[in-house]
Amino acid sequence: TTKVVKSAPGATLIDLGDGVLGMEMHAPKQTVGDDYSQMVQVAAEEVRRNWRGLVVSASAQNFCVGANLVTILGAAQTQDWDALDRTVRAFQEANMLFKYLERPVVVAPYGVAVGGGTEIAMHSARVVAAAETYMGLVEMGLGLIPAGGGTKEMALRSAGVLRAIMPAMSGQLPNKPDLISYVEPAFEAIATARVSTSAAEARDLGYLRPTDQIVMNADQLLYEAKQTVLAIDREGYIAPQPSQVQITGPDGRAVLELIAFTLKNSGYVSDYDVYLAGKLAYIITGGNLPGGTPVPEQYLLDLEREAFLGLCGQPKTQGRMMHMLQKGKPLRN
């Protein structure tokens, strides 16, 4: 409390010592909204000027439960699409700013870290997660699509897995492996709103990377996150360059849509879930561009935002959001 650098309604910047800045998220009910996105801009400028790196965490019971549904539903019901577009765009820009910041950003999630909380972690230089961290892109349960870069990151990581194994497979296979087999698990995790039961399972589901750390003792989480920032800085951190995402195109989308229909016929999802899955498949496979086309991340972010805004106008999506606010659990309408 004596080392506050800057404070705002959504988050506070705190001096953690040794040249490391901390960003404590404390929005109402640990949601993310415009206050968070604005504080990211402030934190980024502060880190560039004076600090070796940044740790992002919280001090409430949970790390982050996702977007502020009250704000989103209110804008949707009043058809204030410009405000909603600005909110989604600002969150996307905040996540991309942290991803490509010149100094390392380490996110330290714990407890519930779903929706926007998972997307914040996915855009960090490194994640240091408590063992009991429950991560997932749960927007489909609300009638929405992950639009803070989560869908884009899952597509990017799927392509990255294939690139990583290609050298080892060289000369062993007559044909190049199909990217769709690596996109399928990412699609299914989002389409079924799968939440990990631990940080270890979050790694299996692709929400965490193999290089991300898991801390068994939650009391040591901030300490380990700070030490990770210092270690990365000592190694000579070089910010990543903007990535190109290889997409699967319409052929891949047809496979994913078939998976969605299979889930419906097995009784796992509703007709509206299949509709949502079609929107998700369109984004994660790159729209109508030919398979194998490399696209910039911004292209997929634009597809995410367009789909999100369109779904907010759907009565069934608004019904799901209202049900979550009133009952605290998802509605499968």
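Residues numbered from 1 in each chain as written. Predicted model: local features only at pLDDT ≥ 70, side-chain atom pairs only at ≥ 80, totals over all residues. Heavy atoms only, no water.

**Brief notes about the environment of Glu102**
Just so we agree on the cut-off: Note on conventions: DSSP H or I runs of at least 4 residues are helices, E runs of at least 2 residues are strands, and numbering of each starts at the N terminus. Exposed residues in this analysis have more than 50% of their type's maximum accessible area, buried residues have under 20%, and partly exposed residues fall in between, with area computed by a 1.4 Å probe over protein chains only. Should any heavy atoms of two residues lie within 4.5 Å, those residues are counted as being in contact. Within 3.5 Å is the distance limit for a polar contact, defined as a pair of N or O atoms, with the added protein rule that one can donate a hydrogen and the other accept it, and that residues adjacent in sequence qualify only through two side-chain atoms.
Here Glu102 lies in the loop between helix H3 (81-99) and strand E7 (105-107). A relative accessible area of 46% means that Glu102 is categorised as partly exposed. Separated by 146 residues in the primary sequence, Glu102 and Thr248 place their C-alpha atoms 31 Å from one another. Ignoring anything within four residues of it in the chain, the contact list for Glu102 reads Arg48, Tyr237 and Ala239. Looking at Glu102, its side chain comes within polar contact range of the side chain of Arg48, at 3.0 Å.

**Comments concerning the pattern of salt bridges**
It is possible for side chains of opposite charge to pair when their charged atoms get near one another. Our working definition: Counted as salt bridges are all cases of a side-chain nitrogen of Lys or Arg within 4 Å of a carboxyl oxygen of Asp or Glu.
According to the stated counting rule, one finds 21 salt bridges in the structure shown. For the salt bridge of Lys226 with Asp18, the shortest nitrogen-to-oxygen distance reads 2.8 Å. Residue Lys226 is located in helix H8 (residues 221-235), and its partner Asp18 is located in the loop between strand E2 (11-17) and strand E3 (20-25); the two are separated by 208 residues in the primary sequence. With a shortest N-O distance of 2.6 Å, Arg48 and Glu45 are connected by a salt bridge. With a gap of three residues between them, Arg48 and Glu45 both fall in helix H1 (residues 34-50), about one helical turn apart. The exposure class assigned to Arg48 is partly exposed, which follows from its relative accessible area of 32%. One connected set of salt bridges, linked through shared partners, spans Lys99, Lys152, Glu153, Arg157 and Glu297.

These figures come from the coordinates and say nothing about function on their own.
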